[in-house]
Each structure stands twice: as C-alpha cells, then as structure tokens.
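Next come the chains, spelled out residue by residue.
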Amino acid sequence: ALNAGNPFEVDYVAVMGNEQTGKTTLAMEIAKEIQIAQHKKSAKVAKISANALNNKDIKQLANKMEGGVLIIEKAGNLTEKTIRHMMSSMREVNQEIMLILEDTKIGMNNILNKDTDFANRVTNKIELPEYNNDELVEFGKEYAKTLMYSIDDMAMLALYTCLGNIQKDDEALTIDQVKDIIDKAIAHSNKKKLKKLKNIIMKKRYDEEKRVILLEEDFENIV
C-alpha cells in the first residue's frame, strides 16, 4: 500500500502473534503478494532478526535491499539507534524498501513506542488469533485435504488426543503444531504401503474423492 500523504513512501506491515502462530509463513506470503502487486517478482525478499539487524551496517543493507522486502523477526528488539539509521538509510535509496515486522503484541507495542515517525509508517497491523482445539482440528482436516488425505472419525478423536498431549497451560497451541501432527500421521500412513496386501484390502484406504484416509493408528505415538 502507498502512503496517502507521500506517494513515495510505502506503509509498513506489522504481523503480531504468539510464538509458532505462523507469523513467518504469513510474512512470506505478504511479501509475495507485494511483489505481485508492484510487478516486482524478481525483487529481493530477506529475513533478519532484530538483534542481528542491530549489529549490521544499515546503509549497506539498505542498498542491497533496494526495491525489495525486508522481514524483521522479533522487531521489538530493535534499538532506537537502529531505527533512526534504518529510516535515514531507507530514505536515501532510489526504490522504497518494504518492511514487514514480526513479533508478539507486547514486542510490537515496544517498538512502536520508540519512534513516532517509524510508528506512523506502520499502518497495516495484522494480529494472529489463538485457536481452540475444535478450530485446530478443523484446520487439520483442511490441511490434510490440501495434501489429498482425509481423516476418519476415530482418527479425529486421536488428533484431539495428540493436541491434549502437547498442550501446555501457559502456551496456546498453534497451527504449525497441527501441521506437524498431520505430516507425521501421513508419513506413518505411507509406511503401510509396505504391509501385506491383506491388511490394505481389509481397510478402506480411499474416500469418495480419492483421498487417502488417515486412520486412528496413524496418530498413535505422535509427540
């Protein structure tokens, strides 16, 4: 998006969420969409942590990333000095650099309170939600479908059990954790190809849409 006040300034994006909520995945998708929208499919996309950026030659990095997209992880750790140098260096390049900031909501508020000019540029804020177990299981079903797998009823209960086994009181479960469980279940399912033909014939392997059915046994011993 272009800044309405100054057509040569690009608004920045803040992606907020707890650990492992898929912030990096979303940031990369946003970067791709920006490239498409600005007809810059060959533009550079780079990712760097705030702590690493604090120790970088900002001017050199800005010249290297000219016209590209820079994703900053744990952005709340940026120092005021780094922010000032970054803003100054980015104004000197011929093509604007798009910034995508990643952090928790607390970390993001921390950086936005450090520099008013910088905060005013961050006009696009996306907060990733926390999901309950029903929503995570539904996500798991849809994720499996994209990989041409389906989950039967007993396997669905097993998926709930898997989520319960990794649930921590002080941390919300994430979609990345669900993806990991589904990936492991698929890997187990694929191993069954080595089993005797009789075992495969006795169990329905495909659903009506030709997707491989994941069974309860595929979710056993997943940690």
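Model, not experiment: these values are computed from the prediction. (Residues numbered from 1 in each chain as written. Predicted model: local features only at pLDDT ≥ 70, side-chain atom pairs only at ≥ 80, totals over all residues. Heavy atoms only, no water.)

Asker: Lay out the overall build of the protein chain in plain terms, naming residues and giving numbers.
Answerer: The number of helices and strands found in the protein chain is 10 helices and seven strands. A buried classification covers 43% of the 223 residues belonging to the protein chain. Of the contacts made within the protein chain by residues no fewer than 6 positions apart, 74% connect residues no fewer than 24 positions apart. Summed over all atoms, the accessible surface of the protein chain reaches about 13,100 Å², with 50% contributed by carbon and sulfur. (Helix = DSSP H or I, 4+ residues; strand = E, 2+ residues; numbered from the N terminus. Buried < 20%, exposed > 50% of the residue type's maximum accessible area, 1.4 Å probe, protein only. Contact = heavy atoms within 4.5 Å. Areas by Shrake-Rupley, 256 points an atom, 1.4 Å probe, with all protein chains shown as cover.)

Asker: Tell me about the sheet that holds strand β4 (residues 98-103), residues and numbers included.
Answerer: Ordered in space as β2-β3-β4-β1-β5, the five strands form an open sheet in which the pairing is parallel. Unpaired on one side and paired on the other, β2 (45-49) and β5 (122-127) mark the two borders of the sheet. Each neighbouring strand pair of the sheet contributes to a mean axis angle of 20°, computed without reference to strand direction. In the sheet, strand β3 (residues 69-73) pairs with β4 via four bridges, with the strands oriented parallel. Within β4, the residue paired with Leu70 across the bridge is Leu99. Strand contacts of helix α5 (residues 105-112): β1 (12-16), β4 and β5, with the helix running at about 130° to β4, the strand carrying the most contacts. (Pairing = 2+ DSSP bridges. Axes fitted to C-alpha atoms, helices over the stretch in contact; angles between N-to-C directions.)

Asker: A description of the confidence of the model for the protein chain should follow, citing residues and the corresponding values.
Answerer: When pLDDT is averaged along the protein chain, the result is 85, and 86% of the positions lie at 70 or above. Confidence, expressed as mean pLDDT per element, reaches its minimum in the protein chain at helix α10 (residues 197-202) with 50 and its maximum at helix α2 (residues 50-54) with 96. (pLDDT = per-residue confidence, 0-100.)

Asker: Lay out the side chain of Glu102 in plain terms, naming residues and giving numbers.
Answerer: The residue Glu102 is located in strand β4 in this model. Within the buried set, Glu102 has no salt-bridge partner at all; the shortest N-O distance to an opposite charge, 5.3 Å, is to Lys23. With sequence-adjacent residues up to four places away left out, Glu102 is seen in contact with Val15, Lys23, Thr24, Ala27, Ile71, Ile72, Glu73, Lys74, Ala75 and Met108. (Lys, Arg positive; Asp, Glu negative; His and termini not counted. Salt bridge = Lys/Arg side-chain N within 4 Å of Asp/Glu carboxyl O.)

Asker: I'd love a proper account of the nonpolar core, names of residues and values included.
Answerer: By size, the foremost hydrophobic cluster in this structure holds 28 residues, and its most contacted members are Ile72, Met86, Leu99 and Phe118. For this core, the secondary-structure elements that each account for two or more residues are β1, α2, α3 (58-64), β3, α4 (80-92), β4, α5 and α6 (116-121). With four residues, the single largest contributor to this core is α4. Excluding residues within four positions of it along the chain, Ile72 makes contact with Ile48, Ser49, Ala50, Leu53, Leu78, Met86, Leu99, Ile100, Leu101 and Glu102. Ala144, Ile151, Ile181 and Ala185 belong to the second largest nonpolar core, which has 23 residues in total. (Core = buried A, V, L, I, M, F, W, Y, C linked by side-chain atoms within 4.5 Å.)

Asker: Could you give an account of helix α7 (residues 133-146), naming the residues involved and the relevant values?
Answerer: The end-to-end C-alpha distance of α7 is 20 Å, a good match for the 20 Å that 14 residues give at a rise of 1.5 Å each. All of the buried residues along α7 are Leu136, Val137, Gly140, Tyr143 and Ala144. Projected down its long axis, α7 carries its buried residues within an arc of 120°, all on one side. Seen from the buried face of α7, the exposed residues on the opposite side, beyond 90 degrees, are Asp134 and Thr146. For α7, the elements touching its buried residues are β6 (149-151), α8 (153-166) and α9 (175-191). The distance from a side-chain oxygen at the start of α7 to the backbone nitrogen of Asp134 is 3.1 Å, and the residue carrying that oxygen is Asn132. Just past α7, the residue Met148 takes up positive phi, approximately 70°. (Expected span 1.5 Å × (residues − 1). Arc of directions from axis to C-beta. Polar contact = N/O pair within 3.5 Å; in protein donor to acceptor, adjacent residues only side chain to side chain.)

Asker: Any details on the packing of α8 against α9? Residues and values, ideally.
Answerer: Close contact between α8 and α9 brings their axes to 11 Å; oriented N to C, the two are set at 125°. For the element pair α8 / α9, the angle class is oblique. The handedness of the crossing between α8 and α9 is right-handed. Judged by residue contacts, Leu159, Cys162, Leu163 and Ile166 of α8 engage Gln177, Val178, Ile181 and Ile182 from α9. Residues belonging to the contact of α8 with α9 are distributed by class as follows: seven nonpolar, one polar and no charged. (Parallel < 35°, antiparallel > 145°, perpendicular 65-115°, else oblique. Left-handed = near helix turned anticlockwise from the far one by under 90°. Nonpolar A, V, L, I, M, F, W, Y, C, P; charged D, E, K, R; others polar.)

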